[in-house]
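Summary of the model geometry
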Amino acid sequence: MAGVVIIGAGPGIGQAVARRFAREGMPVGLIARSERTLRGAADAVAGEVVTCRADSTDQAGLNAALDEVARAHGVPDALVYNAAIIQADAPGELSVRGHMEAWAVNVVGALNAAAHVAPAMAARGHGTILITGGMPEPKPQYVSLSLGKAGVRTLVTLLDQEYGPAGVHVASVTVAGPVAPGTDFDPDDIAEHYWRLHTQPRGRWTHEALHAAP
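Quick caveat, the model's predicted, so the values are computed rather than measured.

**Details of the sheet that holds strand β6 (residues 168-175)**
- In spatial order, the strands read β3-β2-β1-β4-β5-β6-β7; together these 7 strands make up an open sheet with parallel pairing. The open sheet has two edge strands with one neighbour each: β3 (49-53) and β7 (208-211). Mean inter-strand twist for the sheet, computed between neighbouring axes without regard to direction, equals 15°.
- Bridge count between strand β4 (residues 78-81) and strand β5 (residues 127-134): 4 bridges; the pairing is parallel. Of the residues in β5, the one forming a bridge with Val80 is Leu130.
- On top of the sheet, helix α1 (residues 13-23) reaches β1 (4-7), β2 (28-32), β4, β5 and β6; it is set at about 175° to β1, its chief contact.
- Of the strands in this sheet, β1, β4, β5 and β6 are in contact with helix α4 (residues 96-124), which crosses β4 at around 175°.

Okay, here's the thing in structure tokens:
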């Protein structure tokens, strides 16, 4: 079993998804920007774990981290992109550089990761790429995040068009609220969507799961 790779393995969704996949006996690769985050994530996951430090906006560094995990576990069965810049910014408040930095994390990092891993998944004939989404409705108080999550939906469509016919299932998990344990947006509950999408039979693939309050 080749396992799962999670980019953005901080506390919350990233670690919850890692625990969920590890419960199924899958080896886990964790990628994050800081050693402290990686240590905390590795301690939270039972099973075979490889950790790599990389910034999702550093294409060469991210590719090297993905290659390191692949050397340890093989071409992943699942790639989860969970990195994001979550901030409040109204129209005109954020600088051009600020928008570019947010877009790089929220969308371009996912594109780069998928483009690096998906060809090998396609050559093998199966694989899953899951991207954490949000903002089901755009909000003017969260301009950069609204734009980024709209970009994620489009990216899922593009990746599905490119790699879906070869057996790669691409989908997003849209989280419509603030993540916190013990609430309607408990990360362990959210993690179930990732596992369900990963295990969907090809004939019943869906490309977005929505986690919203009841």
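**Notes on the pattern of salt bridges**
- Considering all chains together, one arrives at 6 salt bridges under this definition.
- Arg20 is the salt-bridge partner of Glu24, the closest N and O atoms lying 2.6 Å from each other.
- A salt bridge links Asp77 to Arg124; the shortest N-O distance between them is 3.8 Å. In this pair, Asp77 sits in the loop between α3 (59-73) and β4 while Arg124 sits in helix α4, placing the two residues 47 residues apart along the sequence.
- Residues participating in the shared-partner salt-bridge network are Arg20, Arg23, Glu24 and Glu192.

**Brief notes about the nonpolar core**
- Among the nonpolar cores identified, the biggest contains 30 residues, and Ile7, Ile31, Leu66, Leu79, Tyr81, Ile129 and Ile131 are the most heavily contacted of them.
- Those elements that place two or more of their residues in this core are β1, β3, α3, β4, α4, β5, α5 (143-163) and β6.
- It is α4 that provides the largest number of residues to this core, a total of 8 residues.
- Setting aside chain neighbours within four positions, we find Tyr81 in contact with Ile7, Ser56, Ala104, Val105, Asn106, Gly109, Ala110, Ala113, Leu130, Ile131 and Thr132.
- Judged by nonpolar contacts, the second largest core, of 29 residues, contains Val17, Leu38, Leu130 and Ala171.

**What about the side chain of Ser144?**
- Along the chain, Ser144 falls in helix α5.
- Reaching out from Ser144, the side chain makes a polar contact with the side chain of Asp89 at a distance of 2.6 Å.

**What to know about the environment of Val107**
- Of note, Val107 is situated in helix α4.
- We classify Val107 as buried; its relative accessible area is 8%.
- As for Val107 and Leu155, which are separated by 48 residues in sequence, their C-alpha atoms are 7.7 Å apart.
- Not counting residues within four places of it along the chain, the set of residues in contact with Val107 comprises Gly148, Gly151, Val152 and Leu155.

**Observations regarding α4**
- Compared with the 42 Å implied by 1.5 Å per residue over 29 residues, the 41 Å span of α4 between its first and last C-alpha is a close match.
- At Ala104, α4 shows its largest bend, some 45°.
- Gly125 sits one or two positions beyond α4 and adopts a positive phi of about 100°.

Conventions we followed
Residues numbered from 1 in each chain as written. Predicted model: local features only at pLDDT ≥ 70, side-chain atom pairs only at ≥ 80, totals over all residues. Heavy atoms only, no water. Pairing = 2+ DSSP bridges. Helix = DSSP H or I, 4+ residues; strand = E, 2+ residues; numbered from the N terminus. Axes fitted to C-alpha atoms, helices over the stretch in contact; angles between N-to-C directions. Contact = heavy atoms within 4.5 Å. Salt bridge = Lys/Arg side-chain N within 4 Å of Asp/Glu carboxyl O. Core = buried A, V, L, I, M, F, W, Y, C linked by side-chain atoms within 4.5 Å. Buried < 20%, exposed > 50% of the residue type's maximum accessible area, 1.4 Å probe, protein only. Polar contact = N/O pair within 3.5 Å; in protein donor to acceptor, adjacent residues only side chain to side chain. Expected span 1.5 Å × (residues − 1). Bend = angle between axes of the 7 residues up to and from the residue.

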